[in-house]
Amino acid sequence: MAMDDVLVQTRGLVKQYGTGARVVDDVSFAIRRGETLGLVGESGSGKSTVARMLLRLVEPTAGEVRYGGVDLLAASSGEMREMRRRMQVVFQDPFAALNPRMRVREILAEPFAIHREQGSGNRDQLVVMLREVGLDESALERYPHEFSGGQRQRINIARALALRPEFVVLDEPVSALDVSVGAQVVNLLRDLQRQYGLTYLFISHSMPLVRYLCDRVAVMQRGRLVELGECAQVCEKPAHEYTRRLIAATPEMPGDRGLHG
């Protein structure tokens, strides 16, 4: 992989809490610009911890994280502030991620205020942001509890894309939604990626979803990376027994449930 193509890279990433076992143990991978890398494994495998270390929401015990060639772990607070404009996250729970006391207008305008984007976050801009995720202007004055789970996740996605980041971590973004609504959100994420040239890290426990959305897949088991490769190849000819078990646990491809609709 040519280094000019790499946006995010980890080397020897470790996370250990106290004297306990390592939650993440010697994880290394690279994400190309414009691709979607799937990070898959059962609950507790260390997927979300890896993602949080990439964003420096959690500090690694050891290892290296580079973003666009820059050593994130050596970056100052000011440098990280600038970096955070370029990387965002969409969390699993679409309700918990939204402040219930804020109107959608305030939620969408918040990133502009945090990053002191004067003249940005005006009503016209917020309306455009909503339309990009399939919602209309009437949503601006409403509160999160007035929306369905799928609509709330669309609001989260709109907020994550407010500052036009390059890299978005999608941490189980549809696992709290029913299948048909989740399929609509996944298709939205694909459309937005094409429109803006986004790079995704897609975290999931579902191999069918990963196969549909991702270019490559990294499989984690008990904190370690056990398999990494092109998505089609890993799904059709998995090399590791754990990957085979994951595929067997969710054998159906979700095309019949509206994912391709």
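Residues numbered from 1 in each chain as written. Predicted model: local features only at pLDDT ≥ 70, side-chain atom pairs only at ≥ 80, totals over all residues. Heavy atoms only, no water.

- If you check an unreviewed UniProt entry, the protein appears there as Peptide/nickel transport system ATP-binding protein from Edaphobacter aggregans.
- Check the Sequence similarities (unreviewed entry) section of the UniProt entry for the protein; it says "Belongs to the ABC transporter superfamily." (UniProt positions renumbered as here; feature names shortened; annotations may be inferred.)

## Quick look at the packing of helix α3 (residues 104-114) against helix α5 (residues 149-160)
Part 1 of the reasoning: Viewed as axis vectors pointing N to C, α3 and α5 meet at an angle of 30°, and their least axial separation amounts to 8 Å. Of the possible angle classes, the one that applies to α3 and α5 is roughly parallel. Contacts from Val104, Ile107, Leu108, Glu110 and Pro111 of α3 reach α5 at Ile155, Ala158 and Arg159.
Part 2 of the reasoning: Class assignment of the residues belonging to the contact of α3 with α5 gives a composition of six nonpolar, no polar and two charged. (Axes fitted to C-alpha atoms, helices over the stretch in contact; angles between N-to-C directions. Helix = DSSP H or I, 4+ residues; strand = E, 2+ residues; numbered from the N terminus. Parallel < 35°, antiparallel > 145°, perpendicular 65-115°, else oblique. Contact = heavy atoms within 4.5 Å. Nonpolar A, V, L, I, M, F, W, Y, C, P; charged D, E, K, R; others polar.)

## A word on the nonpolar core
One recurring pattern in soluble globular proteins is that nonpolar side chains are buried together.
Part 1 of the reasoning: Counting residues in hydrophobic clusters, the biggest one holds 49 residues, and the most contacted among them are Leu108, Ile155, Ile157 and Leu192.
Part 2 of the reasoning: Contacts of Leu108, omitting those with residues within four sequence positions, involve Leu126, Met129, Leu130, Leu140, Ile155, Ala158, Arg159 and Ala162.
Part 3 of the reasoning: The next biggest cluster of nonpolar side chains, apart from the first, holds 29 residues, and it includes Val24, Val58, Tyr67 and Met80. (Core = buried A, V, L, I, M, F, W, Y, C linked by side-chain atoms within 4.5 Å. Buried < 20%, exposed > 50% of the residue type's maximum accessible area, 1.4 Å probe, protein only.)

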